[in-house]
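Residue strings, one per chain:
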Amino acid sequence: MSHLPERKEKICLNCNAELQGRFCHLCGQENLEPKESLWHLITHFFNDITHFDGKFFSTSKLLLFRPGFLPAEYMKGRRAGYLNPIRMYVFTSAFFFLLFFSFFFDISEESMGENFRLTNEIAELYGEADSANLNFDSKGNLIINKDTVGNLNDKVWLSRFKDSLKNVLALRKDTASKAAVRKNKREKKTGFVLLGSDEIPFSRAEYDSVQNALPESKRDGWFTRAMAYRVIEVNEKYDGNQGKFFAALANKFAHLFPTMLFFSLPLFALLLRLLYIRRKEYYFVSHGIFSIHLYIFTFITLLVFFIAEKLDDNIGWGIWGWVKFIIFLLMFFYLYKAMRKFYRQGRGKTILKFILLNILSIILTALLFTAFGIYTLLKV
């Protein structure tokens, strides 16, 4: 309710209805003096902000500590005291992805491309210097004969290691062999290869020339030809730098997460509709409201999870690993408790449907990731 004075005239300024009290019974507008000062405008703005914040935190408390309570209240029609679930979903998802892309997701095309280049360079040097087994793990560690000797992210070590390899090569090769290597060495084109081939095409015209020279029965089909054109386009766009391509692919795919989650919401509600198809009192919208509250909880807990992971990477205390494990288990426990509270079924039925829901959700997630992954490959 506003602090502006009430008008003496009992006619609604919005719909001209005759008023019996402070509010119009037809449109709901408050019967106030239309002229307001700058101070009233400022106070009204801050009242709206604090009203939203107050509802958000009180609703969040119920959401976090009373699984299934809010969707049950929504079904009963008790909605005025809580923040609208759709508004809350939009706010929490926007806040989550803002922090996620600002602090927790960091894949640089330049750094990843440089790591790929350095990896290939070291592999070539080491292949000439020694026949020992050389590998790189997912964290960038260089492994020789199953022993970790260094990390690509350590630029000082990396520079020294490359220099030592070059010195080994210089000592092993005499002048004649070096001259022969220089004479026979041919520039290599880096990038992705064509399907069923070890060669990297230089251009679309070169590929078409090779295809036209073949008998018609041995030429690539339309699908292979389309994929070949795509490989050529990617190699030209990223100059054959696989690191830059994969970094761009990861960034593009990650920024599709909000869209993918938006598509998954009604599909997840559909899974619930199928699992509870005999419960006629629950409409599709009821399952949708349950799904929205579950997604909001997931955003909040994932944010805590990423914060714990960041602290684990920077501080290295063992406790953060346990915190992440507890958060992971909590998400599954919360879903079970929410299903039990909202759908009001016994433990046995709820556990069975909980297991089925998780299996179906994994399949759904795999299908969505595949679909959006293909879309990203075509657009990156």
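**Brief notes about the overall build of the protein**
For step 1, the next point in the chain: Broken down by element type, the protein carries 13 helices and 3 strands.
For step 2, the next point in the chain: Residues classed as buried in the protein amount to 34% of the 380 residues present.
For step 3, the next point in the chain: Excluding contacts between residues fewer than 6 apart, the proportion of contacts in the protein whose partners are at least 24 apart in sequence is 61%.
For step 4, the next point in the chain: Accessible area for the protein stands at about 24,800 Å²; split by element, carbon and sulfur atoms hold 62% of it.

**What about unusual backbone geometry?**
For step 1, the next point in the chain: The residue Asn 16 is not glycine, and still its phi comes out positive at about 65°.
For step 2, the next point in the chain: In this structure, Asn 16 sits in the segment before helix 1 (38-65).
For step 3, the next point in the chain: The backbone of Arg 344 sits at a positive phi, close to 55°, despite the residue not being glycine.
For step 4, the next point in the chain: Of note, Arg 344 is situated in the loop between helix 12 (319-343) and helix 13 (347-379).
For step 5, the next point in the chain: With relative accessibility at 57%, the residue Arg 344 sits in the exposed group.

**Re the pattern of salt bridges**
For step 1, the next point in the chain: Following the criterion strictly, the structure yields 6 salt bridges and no others.
For step 2, the next point in the chain: Between Arg 225 and Asp 208 there is a salt bridge, with its nearest N and O atoms 3.5 Å apart. Of this pair, Arg 225 sits in helix 8 (residues 222-237) while Asp 208 sits in helix 7 (residues 204-213); the two residues are 17 residues apart in sequence, bridging distant segments of the chain.
For step 3, the next point in the chain: Taking the relative accessible area as the measure of exposure, Arg 225 reaches 22% and is therefore partly exposed.

**Let's talk about helix 8**
For step 1, the next point in the chain: For helix 8, built from 16 residues, the straight-helix expectation of 22 Å at 1.5 Å per residue is met to within 8% by its first-to-last C-alpha distance of 22 Å.
For step 2, the next point in the chain: Within the sequence span of helix 8, burial applies to Ala 228, Tyr 229, Arg 230, Val 231, Ile 232, Val 234 and Asn 235.
For step 3, the next point in the chain: For helix 8, the elements touching its buried residues are helix 7, helix 9 (242-254) and helix 13.
For step 4, the next point in the chain: Residue Asp 239 follows helix 8 closely and has a positive phi angle near 55°.

**Some details on the nonpolar core**
For step 1, the next point in the chain: In terms of nonpolar packing, the biggest core is built from 45 residues, with Phe 290, Met 339, Tyr 343 and Leu 357 touching the most fellow members.
For step 2, the next point in the chain: Listing elements by their share of this core, those giving two or more residues are helix 1, helix 2 (69-75), helix 3 (85-104), helix 9, helix 10 (257-275), helix 11 (284-315), helix 12 and helix 13.
For step 3, the next point in the chain: Top contributing element to this core by residue count: helix 11, with 9 residues.
For step 4, the next point in the chain: The contact partners of Phe 290, leaving out residues within four places of it in the chain, are Pro 71, Leu 272, Leu 335, Ala 338, Met 339, Phe 342 and Tyr 343.
For step 5, the next point in the chain: By size, the runner-up hydrophobic cluster in this structure holds 6 residues, among which are Val 234, Tyr 238, Phe 245 and Val 380.

**Thoughts on the confidence of the model for the protein**
For step 1, the next point in the chain: For the protein, the mean per-residue pLDDT works out to 79, and 71% of the residues sit at or above 70.
For step 2, the next point in the chain: Long-range and interchain partners of residues 181-188, a stretch whose pLDDT sits below 50, account for 0 contacts in this model, where long-range means more than four residues apart.

**Here's the deal with the environment of Phe 96**
For step 1, the next point in the chain: Tracing the backbone shows Phe 96 in helix 3.
For step 2, the next point in the chain: Using a relative accessible area of 5% as the deciding quantity, one classes Phe 96 as buried.
For step 3, the next point in the chain: Separated by 200 residues in sequence, Phe 96 and Ile 296 place their C-alpha atoms 9.8 Å apart.
For step 4, the next point in the chain: With residues near it in sequence (within four places) discarded, Phe 96 still touches Phe 299, Leu 302, Leu 303 and Phe 306.

**As for the packing of helix 10 against helix 13**
For step 1, the next point in the chain: As a packed pair, helix 10 and helix 13 sit with axes 10 Å apart at the nearest point and diverge in direction by 145°. Relative to helix 13, helix 10 is oriented so that their crossing is right-handed. Of the residues in helix 13, those touching helix 10 at Phe 257, Thr 259, Met 260, Phe 263, Ser 264, Leu 267, Phe 268, Leu 271, Leu 272 and Leu 275 are Lys 353, Leu 356, Leu 357, Leu 360, Ser 361, Leu 364, Leu 368, Phe 369 and Phe 372.
For step 2, the next point in the chain: Considering only residue class, the contact of helix 10 with helix 13 consists of 15 nonpolar, 3 polar and 1 charged.

**A word on the environment of Ala 80**
For step 1, the next point in the chain: You can see Ala 80 is positioned in the loop between helix 2 and helix 3.
For step 2, the next point in the chain: The sequence separation of Ala 80 and Lys 55 amounts to 25 residues, and the corresponding C-alpha distance is 9.8 Å.

**Regarding a positive patch on the surface**
For step 1, the next point in the chain: Together, Arg 66, Lys 76, Lys 341 and Arg 344 make up a region of like positive charge exposed at the surface.
For step 2, the next point in the chain: Along the chain, Lys 76 falls in the loop between helix 2 and helix 3.
For step 3, the next point in the chain: We classify Lys 76 as exposed; its relative accessible area is 57%.

**Concerning the packing of helix 12 against helix 13**
For step 1, the next point in the chain: Where helix 12 contacts helix 13, the two axes come as close as 10 Å, and the packing angle between them is 130°. With respect to their mutual orientation, helix 12 and helix 13 come out oblique. Relative to helix 13, the crossing made by helix 12 is right-handed. Counted together, Phe 332, Leu 335, Tyr 336, Met 339 and Arg 340 of helix 12 and Arg 347, Thr 350, Ile 351, Lys 353, Phe 354, Leu 357 and Asn 358 of helix 13 form the full contact between these two elements.
For step 2, the next point in the chain: The class makeup of the residues in the contact of helix 12 with helix 13 is 7 nonpolar, 2 polar and 3 charged.

**Notes on the packing of aromatic side chains**
For step 1, the next point in the chain: All chains considered together, the criterion is met by 31 aromatic pairs.
For step 2, the next point in the chain: Aromatic pair Trp 222 and Phe 223: ring centres 5.9 Å apart, planes at 85°, arrangement edge-to-face.
For step 3, the next point in the chain: Looking at Trp 222, the relative accessible area reads 72%, which means it is exposed.
For step 4, the next point in the chain: Centroid distance Tyr 336 to Phe 354: 6.4 Å. Interplanar angle 85°. Geometry classified as edge-to-face. Taken together, the positions of Tyr 336 in helix 12 and Phe 354 in helix 13 put the pair 18 residues apart, joining distant regions of the chain. Side by side, Tyr 336 and Phe 354 carry an identical accessibility label, which is buried.
For step 5, the next point in the chain: Taken together through their ring pairs, the aromatic side chains of Tyr 89, Phe 96, Phe 97, Phe 100, Phe 101, Phe 299, Phe 305 and Phe 306 make up a single cluster.
For step 6, the next point in the chain: In this structure, Arg 66 packs its charged tip against the face of Phe 69, placed 4.0 Å from the ring centre.
For step 7, the next point in the chain: Between Arg 79 and the ring centre of Tyr 74, over which it is positioned, the NZ or CZ distance is 3.8 Å.

Definitions and limits used
Residues numbered from 1 in each chain as written. Predicted model: local features only at pLDDT ≥ 70, side-chain atom pairs only at ≥ 80, totals over all residues. Heavy atoms only, no water. Helix = DSSP H or I, 4+ residues; strand = E, 2+ residues; numbered from the N terminus. Buried < 20%, exposed > 50% of the residue type's maximum accessible area, 1.4 Å probe, protein only. Contact = heavy atoms within 4.5 Å. Areas by Shrake-Rupley, 256 points an atom, 1.4 Å probe, with all protein chains shown as cover. Salt bridge = Lys/Arg side-chain N within 4 Å of Asp/Glu carboxyl O. Expected span 1.5 Å × (residues − 1). Core = buried A, V, L, I, M, F, W, Y, C linked by side-chain atoms within 4.5 Å. pLDDT = per-residue confidence, 0-100. Axes fitted to C-alpha atoms, helices over the stretch in contact; angles between N-to-C directions. Left-handed = near helix turned anticlockwise from the far one by under 90°. Nonpolar A, V, L, I, M, F, W, Y, C, P; charged D, E, K, R; others polar. Patch = residues over 30% accessible without salt bridge, like charges linked within 9 Å, V, L, I, M, F, W, Y side chains within 5 Å. Lys, Arg positive; Asp, Glu negative; His and termini not counted. Charge placed at Lys NZ, Arg CZ, Asp CG, Glu CD. Parallel < 35°, antiparallel > 145°, perpendicular 65-115°, else oblique. Phe/Tyr/Trp six-rings, centres within 6.5 Å; stacked < 30°, edge-to-face > 60°. Lys NZ or Arg CZ within 6 Å of the ring centre and 35° of its normal.

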